[in-house]
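# Chains, contacts and geometry: an overview
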Amino acid sequence: MASTLPTDRSSGPPLASILGRTPRLGVPMDDARFNSTQGPPAGGDTGFDYFVSIVIHLEGGYVNDPDDPGGETNMGISKRSYPNEDIKGMTTERASAIYYRDFWTPARCELLPYRLQGIHFDASVPSGVSRAAKILQNAAGVPVDGVIGPKTLAAAQNVTVEEYAESRLAWY
């Protein structure tokens, strides 16, 4: 797994589109290439490998801010959520394993169109898997129950990144 943000993504989408950052969140989302059915970036990355490297980069390194309710945090992994983890000694590989086990897989990211995998994964990390599912369901126009099943997966095939981002903003 890469420990830093991928730098050569000329054939892939910009970060703004991957994570659905909008002008309201401080980063414009204007790349129509990503709102397509294109697959993973060149170079053999899986969706998870690519998107977890972005999330880890955006989450940042070790901090122990007494005013942060999560307490000691590293790469987005907090002591409050993971009391048995060595937060200060957290490796990229360990953080990636946690993200895969607790967010990517339960959020069913690998079953979504590639264009939605990054934004959905990014939504599941701070908001939780159920809230991310509700965001997706709202964007897809299916009943909102927080569980991604066959109806949600089928409807997600027609959801654009912009629609997901709009639905995500509506929750905040």
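Residues numbered from 1 in each chain as written. Predicted model: local features only at pLDDT ≥ 70, side-chain atom pairs only at ≥ 80, totals over all residues. Heavy atoms only, no water.

## Details of the pattern of salt bridges
Per the stated rule, a full pass over the model turns up three salt bridges. Residues R101 and D102 are paired through a salt bridge, measuring 2.6 Å at the closest nitrogen-oxygen approach. Here D122 ties to R168 by a salt bridge, and the two come within 2.9 Å at their closest N and O atoms. With D122 in helix α4 (residues 114-127) and R168 in helix α7 (residues 161-170), this pair connects stretches of sequence that are 46 residues apart. Taken as a pair, D122 and R168 share a single burial class, namely buried. (Salt bridge = Lys/Arg side-chain N within 4 Å of Asp/Glu carboxyl O. Helix = DSSP H or I, 4+ residues; strand = E, 2+ residues; numbered from the N terminus. Buried < 20%, exposed > 50% of the residue type's maximum accessible area, 1.4 Å probe, protein only.)

## Some remarks on the packing of helix α2 (residues 47-59) against helix α3 (residues 92-104)
Where α2 meets α3, the axes come as close as 10 Å, and the angle between the chain directions of the two elements is 110°. As far as their axial angle goes, α3 and α2 are roughly perpendicular. Between α2 and α3 the crossing geometry is right-handed. Residues G47, F48, F51, V52, V55, I56 and E59 of α2 form the contact with α3, whose own contacting residues are T92, A95, S96, Y99, Y100 and W104. (Axes fitted to C-alpha atoms, helices over the stretch in contact; angles between N-to-C directions. Parallel < 35°, antiparallel > 145°, perpendicular 65-115°, else oblique. Left-handed = near helix turned anticlockwise from the far one by under 90°. Contact = heavy atoms within 4.5 Å.)

## What about the environment of G61?
Following the sequence through the fold, G61 ends up in the loop between α2 and β1 (73-74). For G61, a relative accessible area of 44% translates into the label partly exposed. Taking C-alpha positions, G61 is 9.1 Å from K88, a pair spaced 27 residues apart along the chain. Here G61 is in contact with T73, N74 and M75, once residues within four sequence places are set aside.

## Describing a nonpolar patch on the surface
Taken together, the side chains of V144, W171 and Y172 present a nonpolar region at the surface, about 300 Å² in accessible area. Tracing the chain through its elements places Y172 in the segment after α7. (Patch = residues over 30% accessible without salt bridge, like charges linked within 9 Å, V, L, I, M, F, W, Y side chains within 5 Å. Areas by Shrake-Rupley, 256 points an atom, 1.4 Å probe, with all protein chains shown as cover.)

## Description of the packing of aromatic side chains
All chains considered together, the criterion is met by nine aromatic pairs. With centroids separated by 6.0 Å and ring planes inclined at 85°, the aromatic side chains of Y99 and F121 adopt a geometry described as edge-to-face. Of this pair, Y99 sits in helix α3 while F121 sits in helix α4, and the two are 22 residues apart along the sequence. Judged by its relative accessible area of 1%, Y99 is buried. When its relative accessible area of 0% is taken as the criterion, F121 is described as buried. Seen from their ring centres, W104 and F121 are 5.4 Å apart, and the 75° between their planes marks the pair as edge-to-face. Of this pair, W104 sits in helix α3 while F121 sits in helix α4; the two residues are 17 residues apart in sequence, bridging distant segments of the chain. These aromatic residues form a ring-pair network of at least three members: F48, Y50, F51, Y99, Y100, F103, W104, Y114 and F121. (Phe/Tyr/Trp six-rings, centres within 6.5 Å; stacked < 30°, edge-to-face > 60°.)

## Some details on unusual backbone geometry
Phi at M75 is positive, roughly 55°, even though this residue is not glycine. Mapping M75 onto the fold places it in the loop between β1 and β2 (77-78). Here the phi dihedral of R108 falls at roughly 60°; this positive angle occurs in a residue that is not glycine. Tracing the sequence through the fold places R108 in the loop between α3 and α4.

## Thoughts on α3
The terminal C-alpha atoms of α3 lie 16 Å apart, and with 13 residues this falls more than 12% below the ideal 18 Å at 1.5 Å per residue. The complete set of buried residues in α3 reads T92, A95, S96, I98, Y99, F103 and W104. The arc that holds every buried residue of α3, seen down its axis, measures 160°, which confines them to one face. (Expected span 1.5 Å × (residues − 1). Arc of directions from axis to C-beta.)

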